[in-house]
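Observations on the model geometry
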Amino acid sequence: MKKKIITMLLAMLILLQTVACAESSENPDDVSADPAVTTTDVGASEEAAAETEPEDSIESVIAQFSDRDYEGYSFRILDRGDTYWGTVDVIAEEMTGEAINDGVLERNNLLEEKLNVVVVEQREGSPVNTMKTAVAAQSDDFDVVTDGLKPLAGTVSGGNLRDFREIGEVKMDQKWWDQHLISGMSVANKVFFMTGDISIMDNYGTWCMMFNKGILNDNALENPYDLVHEGKWTIDKLGEMSLATTVDLNGDGKWTADDQYGFISESYNTYGLYICFGEKITDKDENDLPVFVYNEESAINSIIKSLEVQYSNGCNMGLFSGLSREAQFQAGGGLFYFAGMINITAFRDSETDFGIIPAPKYNEEQEQYYSTYSPENMTAYSIPVTVADIARTGDILEAMAAFSAYTLTPAYYDKTLMGKSVRDAESEPMIELILNSRNFDLGSIFDWGGTASAVRSMSDPNTVASTLKKLDKAAEKTMTRFLDSLEIDG
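Because the structure is predicted, anything quoted here is derived from the model rather than measured.

Rules used throughout
Residues numbered from 1 in each chain as written. Predicted model: local features only at pLDDT ≥ 70, side-chain atom pairs only at ≥ 80, totals over all residues. Heavy atoms only, no water. Helix = DSSP H or I, 4+ residues; strand = E, 2+ residues; numbered from the N terminus. Buried < 20%, exposed > 50% of the residue type's maximum accessible area, 1.4 Å probe, protein only. Contact = heavy atoms within 4.5 Å. Areas by Shrake-Rupley, 256 points an atom, 1.4 Å probe, with all protein chains shown as cover. Pairing = 2+ DSSP bridges. Axes fitted to C-alpha atoms, helices over the stretch in contact; angles between N-to-C directions. Polar contact = N/O pair within 3.5 Å; in protein donor to acceptor, adjacent residues only side chain to side chain. Core = buried A, V, L, I, M, F, W, Y, C linked by side-chain atoms within 4.5 Å. Parallel < 35°, antiparallel > 145°, perpendicular 65-115°, else oblique. Left-handed = near helix turned anticlockwise from the far one by under 90°. Nonpolar A, V, L, I, M, F, W, Y, C, P; charged D, E, K, R; others polar.

Okay, the overall build of the chain next. Secondary structure summary: the chain contains 22 helices and 11 strands in total. In the chain, buried positions account for 52% of the 490 residues. In the chain, of all internal contacts separated by at least 6 residues, the share reaching a separation of at least 24 is 78%. A total accessible area of about 21500 Å² is found for the chain, and carbon and sulfur atoms account for 49% of it.

This is how it looks when you write it as structure tokens:
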């Protein structure tokens, strides 16, 4: 009875707050909204609303799977082995006090307790190659495979993966699945990849811009957080601040690891910045089919602008005497560093005080900030076509994702990222913005005609249009061949 009364009071409170907010939004003098970070504000509002819903709890989610008994079934997950990008969120042997490990163990224990399922992991250097071998042999060796988006994409045309839309047990509209990836990476309304709360590896593979607070303050530069909130964080501003902080520290006239750079980057980031300008290699038509847009004027101008900053005197694009970009930023050798969020955790013990912001916009007129990701290393889950009991696999995968929302995600986000790795409160809304604004591009993972690869390998702004034009025939041919393999009329 007490619970019912509390629930009624909460509902009345939410209703009153909703009315108050509605009245406030009708006030033309209300200037609380910040259009520059609309995505963050929306995400935070949705999160707050979800927290006030009485039915949104781990108990209510567990109740959805209360009648399951899979008799100790071994749920077989094929994932990436012990590399820098090796999977860290599938198996944990025992409680260690490390948040992610313990979050994984808690989730897996719930699967075992509530569904009578045991998670079994097989680690490989190339999960997709192992999976393709099993499929070729028509062998039901794995329930799911998790690997980078681009490696997974390479298996689609061979008919290796199931379409998630045909698996009713996977509730694709639930909050624990990434809706941006589903809509962005579907083809003809077929969905071959899924991610969300089930994994933190997708967050590791999402790019962010880190900045060195010491160099910023020493040069009396503008506050990057203010620039983001004011909608003034642009590629021109990045270029300007980078040039202002690139210094030949030892005065030897040579650019080495001993010098200071305004921007530490890599060739991939030519494409990465392009995506953050809201551009893509391919968009999609009304039938959810890919359409090339890399030759449009705005796309070409965006690539040119990216190259002008990437290959300016203010940017370090290479390695010096074996010193990696990561090590150089940690050593205080650069103002900005554009790379995967995996580094936020890796830099936890770094002496360099750094902040986190999204990648810049093309200009101030761009409506919102976007973020990019590593096609090779941002991971997702797929289901091999050889799975015999697809209903069982889909049901267990759904439970795994649902339980992860209350175990793995808080362990990563609250305890690891915000609790230990992030250096200041200002970075927290920036991270929410970054993770909620990924601009998914089919062209980045299928790379039809080598279009995405071409953007990544460019260095001369004067050859952009001609280089891309030469790819047209090959791009169209390989895309058509891909759609034919799916028995889709492109």
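Moving on from the coordinates now.
Turning our eyes to something else, we now look at the sheet that holds strand β11 (residues 379-382). Working definition: the strands of a sheet are paired by backbone hydrogen bonds and lie parallel or antiparallel to each other. Reading across from one edge, β2-β1-β3-β11 is the order of the four strands in this open sheet, with mixed pairing throughout. Unpaired on one side and paired on the other, β2 (117-124) and β11 mark the two borders of the sheet. The average undirected angle you get between the axes of adjacent strands in this sheet is 20 degrees. Alignment of strand β1 (residues 73-80) against strand β3 (residues 144-148), held across two bridges, turns out to be parallel. From the neighbouring strand, Leu 78 faces β3, where its bridge partner is Val 145. Across the face of the sheet, helix α16 (residues 390-404) comes into contact with β1, β2, β3 and β11 while running at roughly 70 degrees to β1.

It is worth spelling out the pairing of β11 at this point. Of the two faces of β11, the one holding Thr 379 and Tyr 381 and the one holding Ala 380 and Ser 382 are both buried throughout. Strand direction decides the pairing type here: β3 and β11, joined by four bridges, are antiparallel. Residue Gly 148 lies in a different strand from β11, and its bridge partner there is Thr 379.

On the secondary structure map, Ser 199 appears in the loop between α7 (179-185) and α8 (201-204). Classification of Ser 199 by relative accessible area gives buried; the value is 3%. Polar side-chain contacts of Ser 199 include one of 2.9 Å to the backbone nitrogen of Met 201. For Ser 199, the contacting residues outside a window of four places in its chain are Asp 89, Thr 379, Tyr 381 and Leu 408.

Residues Phe 193, Trp 233, Phe 336 and Phe 446 are the most contacted members of the largest nonpolar core, which totals 105 residues. The leading source of residues in this core is helix α12 (residues 268-276), at six residues. Ranked by size, the runner-up nonpolar core spans 34 residues in total, among them Val 90, Leu 115, Val 119 and Val 191.

Put simply, α12 and helix α13 (residues 297-310) touch, their axes get as near as 9 Å, and they point 130 degrees apart. Here α12 is positioned oblique relative to α13, judged by the angle of their axes. Our pair here, α12 against α13, has a crossing hand that is right-handed. Across the interface between the two elements, Asn 269, Thr 270, Leu 273 and Tyr 274 of α12 pack against Ala 299, Ser 302, Ile 303, Ser 306, Leu 307 and Gln 310 of α13. Looking at the contact of α12 with α13 residue by residue, the classes come out as five nonpolar, five polar and no charged.

If you walk across this open sheet you meet the five strands as β8-β5-β9-β4-β10, and the pairing is mixed. Where the open sheet ends on each side, the last strands, each with one partner, are β8 (315-316) and β10 (354-357).

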